[in-house]
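Here are the chains, one letter per residue:
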Amino acid sequence: MQYRKLICIIEKYINSNTSKESSQKFCDKFMDEFFSVQNDLEQEVDQDTYEMFDDLNLVCDSYEPNIKIREMDKYCIDEIALKNKVVKLYRKIIG
C-alpha cells in the first residue's frame, strides 16, 4: 500500500513539466509521505527497494531552487538534475 502511494507521487512528478515549482512540490510531498510511511514501507518491500526510496529522499533533500545557494554548496542540485535522478531511481525501483 505505501509502496503504491509513493510510486504515484513519483509518477505524477515524472510526468509533469520540469520547473522549480513542480520540483519543490514533489520534494515536499515525497519527503513528507516517506517520513510518515517509512516504518510500514520497510515491512512491505525488500531492503534494496526500501533503500532506493531512502535514496530518493536524499535526492530530494539535495534539491535547491536558489542558484546562489547551489553555487556555494556542491551537494545541491537543480530541477533538471533532480528529475534525472528521480527517473533513474524510479526505473530501478519498478525494475
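Please read all numbers here as calculations on a predicted model, not as lab measurements.

**Student:** Even after reading the chapter, I still don't get the packing of aromatic side chains, so can you show me in this structure?
**Tutor:** Both the distance between ring centres and the angle between the ring planes are used here to describe each pair of aromatic rings. Evaluation of the coordinates by the stated rule reveals six aromatic pairs. Consider the rings of Tyr3 and Phe53, whose centres lie 5.8 Å apart with planes at 90°: the pair is edge-to-face. Here Tyr3, found in helix 1 (residues 2-14), pairs with Phe53, found in helix 3 (residues 47-62); they are 50 residues apart in sequence, far enough to count as distant. Judged by its relative accessible area of 24%, Tyr3 is partly exposed. Measuring from ring centre to ring centre gives 6.1 Å for Phe30 and Phe34, while their planes differ by 15°; the resulting arrangement is stacked. Here the residue Phe30 and the residue Phe34 both occupy positions in helix 2 (residues 20-44), the gap between them amounting to four residues, near one helical turn.

**Student:** What is the right way to read the nonpolar core from this model?
**Tutor:** It is characteristic of soluble globular proteins that their nonpolar side chains tend to be buried jointly. Grouped together as the largest cluster of nonpolar side chains are 26 residues, with contacts concentrated most on Ile10, Phe26, Phe30, Phe53 and Leu82. Secondary structure elements with two or more residues in this core: helix 1, helix 2, helix 3 and helix 5 (79-94). Among the elements that line this core, the one with the most residues is helix 2, at seven residues. In contact with Phe30, other than residues within four places in its own chain, are Leu6, Ile9, Ile10, Phe53, Leu56, Asn57 and Cys60.

**Student:** Please clarify how the packing of helix 1 against helix 5 should be interpreted in this entry.
**Tutor:** A pair of packed helices is captured by two measures, namely the crossing angle of their axes and the spacing between those axes. Taken N-terminus to C-terminus, the directions of helix 1 and helix 5 make an angle of 140°; their axes are 10 Å apart at the nearest point. The angle between helix 1 and helix 5 places the two elements in the oblique class. Relative to helix 5, the crossing made by helix 1 is left-handed. Where helix 1 approaches helix 5, its residues Tyr3, Ile7, Ile10, Glu11, Tyr13 and Ile14 are matched on the opposing element by Glu79, Leu82, Lys83, Val86, Val87, Tyr90, Ile93 and Ile94. Considered class by class, the residues forming the contact of helix 1 with helix 5 number 11 nonpolar, no polar and three charged.

Cut-offs and rules
Residues numbered from 1 in each chain as written. Predicted model: local features only at pLDDT ≥ 70, side-chain atom pairs only at ≥ 80, totals over all residues. Heavy atoms only, no water. Phe/Tyr/Trp six-rings, centres within 6.5 Å; stacked < 30°, edge-to-face > 60°. Helix = DSSP H or I, 4+ residues; strand = E, 2+ residues; numbered from the N terminus. Buried < 20%, exposed > 50% of the residue type's maximum accessible area, 1.4 Å probe, protein only. Core = buried A, V, L, I, M, F, W, Y, C linked by side-chain atoms within 4.5 Å. Contact = heavy atoms within 4.5 Å. Axes fitted to C-alpha atoms, helices over the stretch in contact; angles between N-to-C directions. Parallel < 35°, antiparallel > 145°, perpendicular 65-115°, else oblique. Left-handed = near helix turned anticlockwise from the far one by under 90°. Nonpolar A, V, L, I, M, F, W, Y, C, P; charged D, E, K, R; others polar.

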